[in-house]
Number of protein chains: 2
Amino acid sequence: MEVQIAVAKVSKYAISESGDTLEVVERPNGGLSVVLADGQTSGRGAKAVSLLVVRKVIGLLAEGVRDGAAARAASDTLFTDKQGKVISTLNIASIDLHTGTIVLTRNNPEPVFICRGDQIDILDEESIPLGTSRNVRPLITEIAIEPDLIIVIYTDGLTHAGKRRGLPMNVAETVRSVVEDQDPSPQMLADSLLAQAVSLDENRPADDISVLVLKVIARTGDNVRRMSVRLPIEGMSRI
Amino acid sequence: MEVQIAVAKVSKYAISESGDTLEVVERPNGGLSVVLADGQTSGRGAKAVSLLVVRKVIGLLAEGVRDGAAARAASDTLFTDKQGKVISTLNIASIDLHTGTIVLTRNNPEPVFICRGDQIDILDEESIPLGTSRNVRPLITEIAIEPDLIIVIYTDGLTHAGKRRGLPMNVAETVRSVVEDQDPSPQMLADSLLAQAVSLDENRPADDISVLVLKVIARTGDNVRRMSVRLPIEGMSRI
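Residues numbered from 1 in each chain as written. Chains lettered and ligands numbered in written order. Predicted model: local features only at pLDDT ≥ 70, side-chain atom pairs only at ≥ 80, totals over all residues. Heavy atoms only, no water.

Chemist: Just to check I follow, could you spell out the overall build of chain A for this structure?
Modeler: Helix and strand content of chain A: 5 helices and 11 strands. Taking 2.2 N^0.38 as the reference for a compact globule, 239 residues should give roughly 18 Å; the C-alpha atoms of chain A span a radius of gyration of 17 Å, in line with that estimate. Oriented by its inertia axes, the alpha-carbon framework of chain A measures out at about 45 × 40 × 40 Å. Expressed as a percentage of its 239 residues, the buried residues of chain A come to 58%. Once local pairs closer than 6 in sequence are excluded, the contacts in chain A between residues at least 24 apart make up 71%. Just so you have it, chain A exposes about 9400 Å², and 48% of that area is on carbon and sulfur atoms. Placing the 26 positive and 32 negative side-chain charges of chain A at their respective mean positions leaves the two points 7 Å apart. (Helix = DSSP H or I, 4+ residues; strand = E, 2+ residues; numbered from the N terminus. Rg over C-alpha atoms; globule rule 2.2 N^0.38 Å. Buried < 20%, exposed > 50% of the residue type's maximum accessible area, 1.4 Å probe, protein only. Contact = heavy atoms within 4.5 Å. Areas by Shrake-Rupley, 256 points an atom, 1.4 Å probe, with all protein chains shown as cover. Lys, Arg positive; Asp, Glu negative; His and termini not counted. Charge placed at Lys NZ, Arg CZ, Asp CG, Glu CD.)

Chemist: What is the right way to read the sheet that holds strand 4 (residues 88-96) of chain A from this model?
Modeler: For sheets, the rule is that strands pair by backbone hydrogen bonds, running either parallel or antiparallel. All names here are of chain A. Taken together, 5 strands build an open sheet; the order of strands is 2-3-4-5-8 and the sheet is antiparallel. The strands lining the two open edges of the sheet, one partner per strand, are strand 2 (20-26) and strand 8 (139-144). The mean inter-strand angle of the sheet, taken between neighbouring strand axes irrespective of direction, is 10°. Here 7 bridges tie strand 4 to strand 5 (residues 101-107), and the two strands are oriented antiparallel to one another. Counterpart to Ile92 in the pairing with strand 5 is Thr105. Here helix 2 (residues 67-82) sits on the sheet and contacts strand 3 (31-39), strand 4, strand 5 and strand 8; the angle it forms with strand 5, its principal contact strand, is near 20°. (Pairing = 2+ DSSP bridges. Axes fitted to C-alpha atoms, helices over the stretch in contact; angles between N-to-C directions.)

Chemist: Just to check I follow, could you spell out the relation of the copies chain A and chain B for this structure?
Modeler: To go from the first copy of the chain to the second, apply a rotation about an axis and then a shift along the same axis. Aligned on chain B, chain A shows an RMSD of 0.0 Å; the corresponding rotation is 180° and the shift along the axis is 0.0 Å. Such a combination of turn and shift is consistent with a two-fold rotation axis. Relative to the rotation axis, the closest C-alpha in chain A is found at Ser228 of chain A, a distance of 2.7 Å. Here 100% of the contact residues of chain A are again contact residues in chain B; the copies associate through an equivalent surface. (Least-squares fit on C-alpha atoms with pLDDT ≥ 70 in both.)

Chemist: Any chance you could explain the pattern of salt bridges here in plain terms?
Modeler: Side chains bearing opposite charge may pair, as long as their charged atoms lie close to each other. Within the structure shown, the criterion is met by 32 salt bridges over all chains. We note a salt bridge from Glu26 of chain B to Lys9 of chain A, for which the minimum N-O separation is 3.7 Å. With Glu26 of chain B in strand 2 (residues 20-26) and Lys9 of chain A in strand 1 (residues 2-10), this residue pair bridges two chains. Here Glu26 of chain B matches Lys9 of chain A in class, with each residue buried. Sharing partners across several salt bridges, the network here consists of Glu2, Arg219, Asp222 and Arg226 of chain A together with Asp191 and Arg230 of chain B. (Salt bridge = Lys/Arg side-chain N within 4 Å of Asp/Glu carboxyl O.)

Chemist: Before we go on, may I ask you to explain unusual backbone geometry in this structure?
Modeler: Residue and element names in this part refer to chain A. You will see that Asn203, though not glycine, has its phi angle at about 65°, which is positive. For Asn203, the location among the structural elements is in the loop between helix 5 (186-200) and strand 10 (209-217). Take Asn203: its relative accessible area is 58%, and that puts it in the exposed class.

Chemist: Explain the interface of chain A and chain B to me, please; I cannot follow it from the model alone.
Modeler: Many descriptions give the size of an interface as the accessible area lost when the pieces come together. Counting from both sides, the interface comprises 55 residues of chain A and, opposite them, 55 residues of chain B. With both chains or domains summed, chain A and chain B bury close to 5600 Å², and 54% of this area falls on carbon and sulfur atoms. Its largest share of buried area at the contact with chain B, chain A owes to Met227, Arg230 and Leu231 of chain A, together 15% of the area lost on that side. Summed over the shared surface of chain A and chain B, the result is 8 salt bridges. In this structure, the salt-bridge partner of Lys47 of chain B is Glu26 of chain A, at a minimum N-O distance of 2.7 Å. Remark: the boundary between chain A and chain B carries 23 residue pairs in polar contact (both at pLDDT 80 or more). Of the residues forming the side of chain A that touches chain B, the biggest block, 9 residues, is contributed by strand 1 of chain A. (Buried area = accessible area lost by both parts, 1.4 Å probe. Polar contact = N/O pair within 3.5 Å; in protein donor to acceptor, adjacent residues only side chain to side chain.)

Chemist: Would you explain the environment of Arg219 of chain B in this entry?
Modeler: Residues and elements named next belong to chain B. With respect to the secondary-structure elements, Arg219 resides in the loop between strand 10 (209-217) and strand 11 (225-232). Accessibility expressed as a relative area gives 13% for Arg219, which makes it buried. Within the structure, the side chain of Arg219 is placed 3.0 Å from the side chain of Glu2, a separation counted as a polar contact. A distance of 2.7 Å separates a polar side-chain atom of Arg219 from the backbone oxygen of Asp222.

Chemist: Could you clarify how one ought to interpret the nonpolar core in this entry?
Modeler: In summary, soluble globular proteins display a tendency toward joint burial of nonpolar side chains. Core analysis: the biggest nonpolar cluster contains 54 residues, and Ile95 and Ile151 of chain A together with Ile95 and Ile151 of chain B have the highest contact counts within it. Those residues within four positions of Ile95 of chain B in sequence are excluded, and the remaining contacts are Leu231 of chain A together with Val3, Ile5, Arg27, Gly30, Gly31, Leu32, Thr101, Ile102, Ile145 and Leu214 of chain B. (Core = buried A, V, L, I, M, F, W, Y, C linked by side-chain atoms within 4.5 Å.)

Chemist: Even after reading the chapter, I still don't get helix 5 of chain A, so can you show me in this structure?
Modeler: An α-helical turn contains 3.6 residues, so any two residues separated by three or four positions project in the same direction. With 15 residues, helix 5 of chain A should cover 21 Å at 1.5 Å per step; its first-to-last C-alpha distance of 21 Å lies within 8% of that length. Looking only at helix 5 of chain A, the buried set comprises Pro186, Gln187, Leu189, Ala190, Leu193, Leu194, Ala197, Val198 and Leu200 of chain A. At its buried positions, helix 5 of chain A is contacted by strand 1, strand 9 (149-154), helix 3 (157-160), helix 4 (171-181) and strand 10 of chain A together with strand 11 of chain B. Following helix 5 of chain A by one or two positions, Glu202 of chain A adopts a phi angle in the positive range, close to 50°. (Expected span 1.5 Å × (residues − 1).)

Chemist: Looking at this structure, how should I read the confidence of the model for chain A?
Modeler: Reading predicted coordinates in detail is not appropriate for stretches of low pLDDT. Per-residue pLDDT for chain A averages 92, and the proportion of residues at 70 or more is 97%. Predicted as a complex, the structure gets a pTM of 0.93 and an ipTM equal to 0.91. (pLDDT = per-residue confidence, 0-100.)

Chemist: Whenever I open this one, the sheet that holds strand 3 (residues 31-39) of chain B confuses me. Can you help?
Modeler: All names here are of chain B. Pairing within the open sheet is antiparallel, and its 5 strands lie in the order 2-3-4-5-8. Whereas interior strands pair on both sides, the edge strands pair on one side only; in this sheet they are strand 2 and strand 8 (139-144). The average undirected angle you get between the axes of adjacent strands in this sheet is 10°. Bridge analysis of strand 3 against strand 4 (residues 88-96) gives 9 bridges, and the strand direction is antiparallel. Residue pairing across strands places Asp38 opposite Thr89, the latter belonging to strand 4. Where helix 1 (residues 44-62) meets the sheet, its contacts fall on strand 2, strand 3 and strand 4, and the angle it forms with strand 3 comes to roughly 155°. Sheet strands touched by helix 2 (residues 67-82): strand 3, strand 4, strand 5 (101-107) and strand 8. Its angle to strand 5, the strand with the most contacts, is close to 20°.

Chemist: Hey, could you run me through the packing of helix 1 of chain B against helix 2 of chain B in this one?
Modeler: Residues and elements named next belong to chain B. Close contact between helix 1 and helix 2 brings their axes to 9 Å; oriented N to C, the two are set at 140°. Our classification of the angle between helix 1 and helix 2 gives oblique. Helix 1 and helix 2 meet at a crossing whose hand is right-handed. Of helix 2, the residues touching helix 1 (which contributes Val49, Leu52, Val53, Lys56, Val57, Leu60 and Leu61) are Asp67, Ala70, Ala73, Ala74, Thr77, Leu78, Asp81 and Lys82. Class assignment of the residues belonging to the contact of helix 1 with helix 2 gives a composition of 10 nonpolar, 1 polar and 4 charged. (Parallel < 35°, antiparallel > 145°, perpendicular 65-115°, else oblique. Left-handed = near helix turned anticlockwise from the far one by under 90°. Nonpolar A, V, L, I, M, F, W, Y, C, P; charged D, E, K, R; others polar.)

As structure tokens, then:
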């Protein structure tokens, strides 16, 4: 089998820096974790918050701390630092080769989609962002790694898209149509969701948007790990 | 413009865990850093060393510490921890949007290739791995971000390939032939180099191998950042 991870990420229109931070780290006992945080507001302030949360989480994961405990610790750190005045969402998706599962940790009101063939489950139990109080509980879901599993995670910019024009994005419908019509690569699914949101916002995203898709495929190929990153630097606004 | 980063990575034959660690992190002042370390020996011990080095470096980069200082600090930490008995190579490739440059930091006897059109420069000044003494100096090279620039970085597994059969890999020749014959994507160049090495080792790599390729392309596309990761889990040897 192979786990494929794809990310598509865009900043709010006219803001050079996304307030969303996403990083991928190796787990000390095998596998990878993808950590995505969306800091309150946008621009530099939000970036600092989401970076703080992601760095805290990956530092703890690196020491072997479990995902749920890392999320609680990041929440406490943020709450202590900002006295509850600044919050951040957090999603962790861990491919744990030790248990043969994907572990999803969620502190984000936005749901997570889990697709197996034509069946689409939505994890939408109420979930509170980090930093809101002293006792923030993450929601943990553990899923066996098996072929044709697709998981879709995103920040709230995706569902905000189109709202100012009264044409809100229907994420569930887009996921269903892409997954049912074709056998999408994770990059294609992430790109489709992001493209629709940006289009609903008339190419001027009203918020930072990040889409993360994981897909498990049954394959018999080489044992090579691959990663690719594409960083547009149009403008190089900081120069 | 767009900076594209590609990685291809394989473990030593019959060893489930690569001693090489590679991570990509966002820089606090804009841009990305790719950090690659190769810990001495192979398997779990080497992994622990390369993880230690990479985590130390990315923690410091996150705080705004400059690349060279982060490399020196990681070397001192490793030297203090292991009393000079365990060493690790380190390469950092930073896309610094603040200065509009790519900053290459090298503590690795293996050279770095810099291709601009048909011109290929080799950075092969003597370079010492981390942890060897109290005063390890990284080599720093700063290059303007401009279209058609290609940078190739790798761990020593690539040049060890084929040696046991007396058919050593000629990295420079492979880089030249791929770059001259075609306009390779960075993933294609990384995959070509890795595939040739694995083939020279008769599909049983004698060492962990990691190849990192950066390419700058002139493009006018969307402003979407993209990342994809492919993690083969054949065997799931840890289960």
